[in-house]
Amino acid sequence: MQVIEQILTRSVVEGIKLLYGQSCPPELIQLQKTRREFDGDITLVVFPLLKLSRKSPDITAADIGSYLQDHCQEIVRFNVIKGFLNLVISTGYFLGHLNRALDAERYGFCGVLPDSRTIMVEYSSPNTNKPLHLGHIRNNLLGYAVSNILEANGQRVIKTNLVNDRGIHICKSMLAWQRWGNGETPADSGKKGDHLVGEYYVKFDREYKKQIADLVAAGMSREEAEKKAPLMIEAQEMLRKWEAGDEAVLLLWKKMNMWVYEGFDGTYKRLGVHFDKIYYESETWIPGKNAVLEGLGKNVLVKRDDGSVWADMRDKGLDEKVLLRSDGTSVYMTQDIGTAKVRQQDYAPDKMVYVVGNEQNYHFKVLAIILDMLGFPWAKTLHHLSYGMVELPEGKMKSREGTVVDADDLMDEMIDTAREMSKELGKLEGLSDDEKEDIFRIIGLGALKYYMLKVDPVKNMLFNPRESIDFDGNTGPFIQYTYTRILSVFRKAEELQIDRPDRSPENIAVNDKEKNLLRLIHEFPAVLADAGETFNPSLIANFIFELVKEYNQFYHDYSILKEEDPEIRKFRLVLSRVVSGIVKNGMELLGVEMPERM
RNA sequence: GGUUCCGUAGCUCAGUUGGAUAGAGCAACAGCCUUCUAAGCUGUGGGUCGCGCGUUCGAAUCGCGCCGGAAUCACCA
């Protein structure tokens, strides 16, 4: 809670005691931001207090208003409109707060505290059979941003990735490469490793479809054809060999996965995300299998006649879930059980956050239940941070129809757009080509990242590849632009030999735009805390947009360096300094870099 | 069919521990650059907050029922 709200809550409780002889539970005190059209900073809603005052809303509001004005030095005046008590906070209070913000190393951020929790955040979680796409971009940006936000709230965060490097999907790519690859490698083809492997995955799918069609044409049912197609049978055989440790299969698997990892590393690096620890399912499926077998021994799981092992959750209103196939191989769930177990052994986190799409809501619900059935006390620390799908105008991305938006291509396009636009505007004269390219990259990626993070994670979002992402309005470049304008003021101040003030005067009058900015600055720590509690980066994104929009108005309406009153000029410089700090630090939480000029 | 999530301006989205006349951006139209960067600022038009009922002094926000969309309910991941 913000400082002023604590002061006011306490003061209102005291006032009600004095005025009406009633003790007021603090939860009845509803404080909110005053709406723009009224005079005031904070509004007390008096309706819930009427049962204590036993007076009309207007009289109650006036009583409390007078009390606060007399007893609370931060309140300079008030007005009452239809049961809403609008309170005007002294400018001095906000200016004092501004100076504290200026002194803070990173205003609004918390350092690690003695009672900080260790939180493990899993994100990205790619399969090793194809390159990353638009959906992964949302996932990566969310996971990275949430991790940063939790850290800014004083938690110890371990960013982790779970690479799904085993299973039938990678066997499909391997099989196709073996058959049709003619030894092609990333090195001699010039293709990025993940893209190359992805091509063979697609090749498998195409050939597999042909086989199915042939079998169906020969009179087989589609369902049977899907199971009996020779390619599928071969892929399954390959998976069995893999689990049995067949050397040739393992060698091929290692080679192709290595290509994929090198490709992923390039994409991650460009996106600006990284991990503290990477887990591989190929290393956690055995612990998972063991946990399942132990569960079987303790009779919390059941074995069927065909040898398959199941969790029976029908008493919990859910169904049964297979954990080991009849041929003894493990499934996705088994691997996740193992991964969770290994992580507990490695780090014993207080909380385990899984950033995974909402298509897996059921999976994570079941995972937590099964871990609980298996007797792990930490089962309840799992949190599925579920986010919505990224959809195209024509619906879901489908690799079959070639509508998948590739992550690498998209980043290229964004940077190209930034380059074209910058050239048109022609503001970067005098910079070296390298400097320019760096700025294009920062702007292009900034547009992409902000676009994805400003949307509430739970919601599905639309991405239209034909209408490229905007650079005006509520966008990353708009925010970056505002930031560079502020830096430009500071550079100009230096040229004019205007000293950088180390604090703002606190006894000056401010205009409306300045007051709005002071209020927003005051609000930032609460927004950051809220974003951490709700795992929601969009709160930060939307707050920063509001802040820079307000700053642009101020910048447009008033001059900073040409202001004649030196005290006001000092204040405006400090105000700009604090705004630029919030914008930079806040955008960095989102993984968006800030250019120095643009 | 069961379960979960979503439905706010032409489009993309804010706003939901219940509060005042529901806000931005884009698109459209009309203005503002000898000034600290016009990727900016100002203005105009644009809404049965999917529909209905209920709870309440007060509902976009909470409950119930519909309608629309999505996901999921695999020996896929």
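Colleague: I'd like to hear about the overall build of chain A, residue by residue, with values.
Modeller: Counting secondary structure elements, chain A contains 20 helices and 14 strands. If one aligns the C-alpha atoms of chain A with their principal axes, the spans along those axes are about 90 × 65 × 45 Å. Per-residue burial over chain A gives 54% buried out of 598 residues. The long-range fraction of contacts in chain A, counting pairs at least 24 apart against all pairs at least 6 apart in sequence, stands at 75%. A total of about 27900 Å² of accessible surface is found on chain A, and carbon and sulfur atoms cover 49% of it. Put simply, chain A has 77 plus and 90 minus side-chain charges, and the middle of one group is 3 Å from the middle of the other.

Colleague: Give a detailed account of the packing of aromatic side chains, specifying residues and quantitative values.
Modeller: Applying the stated rule across the entire model yields 19 aromatic pairs. Between tyrosine 123 and phenylalanine 275, the ring centres sit 4.6 Å apart and the planes meet at 35 degrees, which makes this aromatic pair tilted. Separated by 152 residues along the polypeptide, tyrosine 123 in the loop between β5 (118-122) and α5 (134-152) and phenylalanine 275 in the loop between α11 (247-271) and β7 (277-280) bring together distant segments of the chain. For the pair tyrosine 123 and phenylalanine 275, a shared accessibility class is recorded, and that class is buried. A network of ring pairs unites the aromatic residues Tyr123, Phe264, Tyr268 and Phe275 as a single cluster. The ring of tryptophan 285 has arginine 166 sitting right over it, with the charged end atom 4.8 Å from the ring centre. Here lysine 203 stacks its cationic end above the ring of tryptophan 180, 5.1 Å away from the centre of that ring.

Colleague: Mind laying out the sheet that holds strand β1 (residues 30-33), listing which residues take part and the relevant values?
Modeller: The four strands are arranged β1-β2-β4-β3 in an open sheet whose pairing can be described as antiparallel. Among the strands making up the open sheet, the edge pair consists of β1 and β3 (75-81). Strand-to-strand twist across the sheet, computed as the mean angle between neighbouring axes with direction ignored, equals 30 degrees. Relative to strand β2 (residues 42-45), β1 is paired through four bridges, and the arrangement is antiparallel. What sits directly across from glutamine 30, in β2, is valine 45. Helix α3 (residues 57-71) rests against β2, β3 and β4 (84-89) of the sheet, and its axis sits at about 175 degrees to β3.

Colleague: Account for the layout of surface pockets, naming residues and giving values.
Modeller: Summary: where empty space remains is shown by rolling a probe the size of a single water molecule over the atoms. In this structure, the largest pocket occupies an estimated 1600 Å³ of space. Lining the largest pocket are 47 residues, and of these Asn127, Lys130, His133, His136 and Ser399 lie nearest its centre. Take the lining of the largest pocket: its biggest share by element is eight residues, from helix α8 (residues 193-217). The class makeup of the residues in the lining of the largest pocket is 17 nonpolar, 16 polar and 14 charged.

Colleague: Tell me about the pattern of salt bridges, and please be specific about residues and values.
Modeller: Going through the model one piece at a time under the given rule, you end up with 36 salt bridges. Across the pair glutamate 122 and arginine 343 runs a salt bridge, and its minimum N-O distance is 2.8 Å. Taken as a pair, glutamate 122 in strand β5 and arginine 343 in helix α13 (residues 332-347) lie far apart in primary sequence, 221 residues in all. Summarising the burial analysis for this pair, glutamate 122 and arginine 343 share the class buried. Here lysine 192 makes a salt bridge to aspartate 408, at a shortest N to O gap of 2.7 Å. Linking lysine 192 in the loop between α7 (186-189) and α8 with aspartate 408 in helix α15 (residues 407-425), this pair joins segments that are 216 residues apart in sequence. Owing to a relative accessible area of 28%, lysine 192 belongs among the partly exposed residues under this scheme. The network of salt bridges with shared partners includes Arg304, Asp312, Arg314 and Glu320.

Colleague: An account of the domain arrangement of chain A is requested, with residue identities and associated values reported.
Modeller: When the parts of a complex come together, some accessible area is lost, and that lost area is often used as the size of the interface. Assigned domains of chain A: these are domain 1 (3-89), domain 2 (124-129 + 160-273) and domain 3 (407-589). Each of domain 1 and domain 3 has a C-alpha centre, and these two points are 35 Å apart. Contact residues are listed per partner, giving seven residues for domain 1 and seven residues for domain 3. Here domain 1 and domain 3 share an interface that buries about 510 Å² over both sides, 31% of which is from carbon and sulfur atoms. The largest share of the area that domain 1 buries against domain 3 comes from Lys33, Arg36 and Asp41, three residues that together contribute 74% of it. Of the charged contacts in the structure, one is a salt bridge between arginine 519 and aspartate 41, with a shortest N-O distance of 2.2 Å. On the surface where domain 1 and domain 3 come into contact, there are six residue pairs in polar contact (both at pLDDT 80 or more). Residue composition of the side of domain 1 that touches domain 3, grouped by class: three nonpolar, one polar and three charged.

Colleague: Outline the environment of isoleucine 498, supporting the account with residue identities and numerical values.
Modeller: By the secondary structure assignment, isoleucine 498 is in the loop between α17 (476-495) and α18 (512-534). For the pair isoleucine 498 and isoleucine 560, spaced 62 residues apart in sequence, the C-alpha separation works out to 11 Å. Among residues more than four places away in sequence, those in contact with isoleucine 498 are Ala493, Leu561, Arg569 and Leu573.

Colleague: Help me get a handle on the protein's contact with RNA strand B, residues and values and all.
Modeller: Neighbouring RNA strand B are 65 residues, the closest being Asn164, Asp306, Lys427, Ser488 and Tyr558. A distance of 3.0 Å separates a base nitrogen of RNA strand B from a polar side-chain atom of threonine 43. For RNA strand B, a phosphate oxygen lies 2.9 Å from a polar atom in the backbone of leucine 462. Put simply, the parts of the chain that give the surface near RNA strand B at least two residues each are β2, β4, α6 (168-180), α15, β14 (461-462), α17 and α19 (537-557). Here the surface near RNA strand B is built from residues that sort into 29 nonpolar, 20 polar and 16 charged.

Parameters at a glance
Residues numbered from 1 in each chain as written. Chains lettered and ligands numbered in written order. Predicted model: local features only at pLDDT ≥ 70, side-chain atom pairs only at ≥ 80, totals over all residues. Heavy atoms only, no water. Helix = DSSP H or I, 4+ residues; strand = E, 2+ residues; numbered from the N terminus. Buried < 20%, exposed > 50% of the residue type's maximum accessible area, 1.4 Å probe, protein only. Contact = heavy atoms within 4.5 Å. Areas by Shrake-Rupley, 256 points an atom, 1.4 Å probe, with all protein chains shown as cover. Lys, Arg positive; Asp, Glu negative; His and termini not counted. Charge placed at Lys NZ, Arg CZ, Asp CG, Glu CD. Phe/Tyr/Trp six-rings, centres within 6.5 Å; stacked < 30°, edge-to-face > 60°. Lys NZ or Arg CZ within 6 Å of the ring centre and 35° of its normal. Pairing = 2+ DSSP bridges. Axes fitted to C-alpha atoms, helices over the stretch in contact; angles between N-to-C directions. 1 Å grid on protein atoms, 1.4 Å probe; cavity = no way out; pocket = protein on both sides within 12 Å on 5 of 7 lines; lining within 4 Å. Points joined across faces, edges and corners; volume = space filled by probe spheres on them. Nonpolar A, V, L, I, M, F, W, Y, C, P; charged D, E, K, R; others polar. Salt bridge = Lys/Arg side-chain N within 4 Å of Asp/Glu carboxyl O. Domains from an automatic or database assignment. Buried area = accessible area lost by both parts, 1.4 Å probe. Polar contact = N/O pair within 3.5 Å; in protein donor to acceptor, adjacent residues only side chain to side chain. Near = heavy atom within 4 Å.

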